[in-house]
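# Coordinates in review
What follows is each chain in one-letter form.
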Amino acid sequence: MDTPPTLLILGTRGIPAAHGGFETFAEKLALFLVERGWRVGVYCQDEVPTVTQRFRSEMWRGIELIRTQVASDGPKATLEFDWHCVRDAARRDAVSLVLGYNGAVFLPYLRLAGRKIFTNMDGIEWRRPKWSFPVRAWFWLNEWIAAWSSNRLVADHPIIADHLATRRPRSATAMIPYGGVPIPSAPVAPLAKLGLESGRYLVSIARIEPDNSILTLVEAFSREPRGMKLVVLGTFSDKIAYHREVMAATGPEVLTPGGIYDASIVQALRFHARAYMHGHTVGGTNPSLVEALWAGNPVIAHDNPYNRWTAGEAGLFFKDEASCSEAIGRLIADDILAGRLKKAALSRAQEKFRWQAVLEHYEREALALTGGAAAPELAAVKLADKSSG
């Protein structure tokens, strides 16, 4: 029997997903490919006081979790983890899918070992003003290394694809966005605990950072009485000046419950919101915005090419505090507008951000890097798909 195609996933903290968009994507892709006859391994970071066993494998839902111990923390731990993952992947006969390029300095080692590399280039990290110059220089260097060490690149947004075309020929990049799933209903109980009513609040779900315009959102909403609430989900710290500034700007109708990581509660908050507020100024197809579209949320978003492409006709866009305040007022006052944007959100989600289409595209790209020789199990699935279609 032919050997099934094998994919290794590097660049995340691991699965089951508990940390963010890349981990959620890694989990969904791994489960999808295993069902279609692939062998899949996902590297998982274990921070320990002392390394006792560098690599340890365990199986989870048919996926090999390659638990990798590192005896450090913070950015140093991430780099150490990335290096050991690359070192191990170089010994395995598999395509390596790398999520992000922050540790791309190690990818030439993997390429010299004769392995095929498929890299999701994420956002243009070195452009984020929050980073110091040395950090931005490091990201810039790693972006170039990833672009030229990888056999194939993935951009999750057309603007990212345009940017990567300045690094490699455009034909080297596949444009594959993030995905989401419909939210047909959600309980109202989580709302009551926060003193909220369905349809009577707006919500922001993001890290509390200047890049995400949180201060602008809060100041715009707090300009005047709204008769609704604004819920700002995110972890605040009194030690961070920007966080203190945001908290000082909150009016009486702004709630800051902190970070909420229970997916069912976050889903309910999305589903019952009058609108989703998205202040991200940089990046590609942001997972939180995609999830808002699948929840049927009208969107009030910062006006930039990333958000305009993702939200499409579902959005009202702002450039500053004044235009943000105006958009909030329009959406609160106009039920017809809110209904139109809600319909547009669901249409946009269905058109561009279906997980099935996203995962199938990744599979095609990965399979091409294996030489296109599918395992019998995979071929059987493909034949079944064709016959059912």
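Data block above holds the structure.
Presented here is an overview of the structure given in this document.

About the thresholds
Residues numbered from 1 in each chain as written. Predicted model: local features only at pLDDT ≥ 70, side-chain atom pairs only at ≥ 80, totals over all residues. Heavy atoms only, no water. Helix = DSSP H or I, 4+ residues; strand = E, 2+ residues; numbered from the N terminus. Rg over C-alpha atoms; globule rule 2.2 N^0.38 Å. Buried < 20%, exposed > 50% of the residue type's maximum accessible area, 1.4 Å probe, protein only. Contact = heavy atoms within 4.5 Å. Pairing = 2+ DSSP bridges. Right-handed = clockwise from strand over helix to strand, strands pointing away. Core = buried A, V, L, I, M, F, W, Y, C linked by side-chain atoms within 4.5 Å.

### What about the overall build of the protein?
- When you go through the protein residue by residue, the secondary structure sums to 15 helices and 14 strands.
- Against the 2.2 N^0.38 benchmark of 21 Å for 389 residues, the protein shows a C-alpha radius of gyration of 22 Å, consistent with a compact globule.
- Each of the three principal axes of the protein carries a C-alpha extent, and together these read 65 × 55 × 40 Å.
- Within the span of the protein, comprising 389 residues, buried residues form 53% of the whole.
- Contacts in the protein between residues far apart in sequence, at least 24 positions, make up 66% of those at least 6 positions apart.

### Digging into the pairing of strand β6 (residues 117–120)
- Residues Ile117 and Thr119 line one face of β6 and the alternating positions Phe118 and Asn120 line the opposite face, and both faces are buried.
- In this structure, strand β5 (residues 95–99) lies alongside β6, joined through four bridges in parallel fashion. Pairing of Val98 across the sheet is with Thr119, part of β6.
- Following the backbone out of β5, through helix α3 (residues 107–112) and into the adjacent parallel β6, one traces a crossover that is right-handed.
- As judged from the three bridges shared by β6 and strand β7 (residues 152–155), these two strands associate in the parallel manner. Within β7, the residue paired with Thr119 across the bridge is Leu153.

### Details of the nonpolar core
- Of all hydrophobic cores here, the largest spans 32 residues; its most connected members are Leu8, Leu10, Tyr43, Tyr101, Leu107, Leu110 and Met121.
- Taken together, the elements giving at least two residues each to this core come down to β1 (6–10), β4 (63–70), α2 (74–89), α3, α4 (133–149), β7 and α5 (158–164).
- Per-element tally for this core: the top contributor is α2, with five residues.
- The next biggest cluster of nonpolar side chains, apart from the first, holds 31 residues, and it includes Leu31, Cys44, Leu97 and Leu359.

### A word on the pairing of β5
- Of all the five residues making up β5, five are buried; the element is thus mostly covered by neighbouring parts of the structure.
- The two faces of β5 match: Val95, Leu97 and Leu99 on one face and Ser96 and Val98 on the other face are all buried.
- With four bridges joining them, β1 and β5 adopt parallel strand pairing. Pairing of Ile9 across the sheet is with Leu97, part of β5.

### A closer look at helix α9 (residues 263–271)
- Taken together, the buried positions of α9 are Val266, Ala268, Leu269 and Arg270.
- Tucked into the core, α9 has its buried residues touching α6 (189–193), β9 (201–205), β10 (229–233), β12 (275–278) and α10 (287–294).

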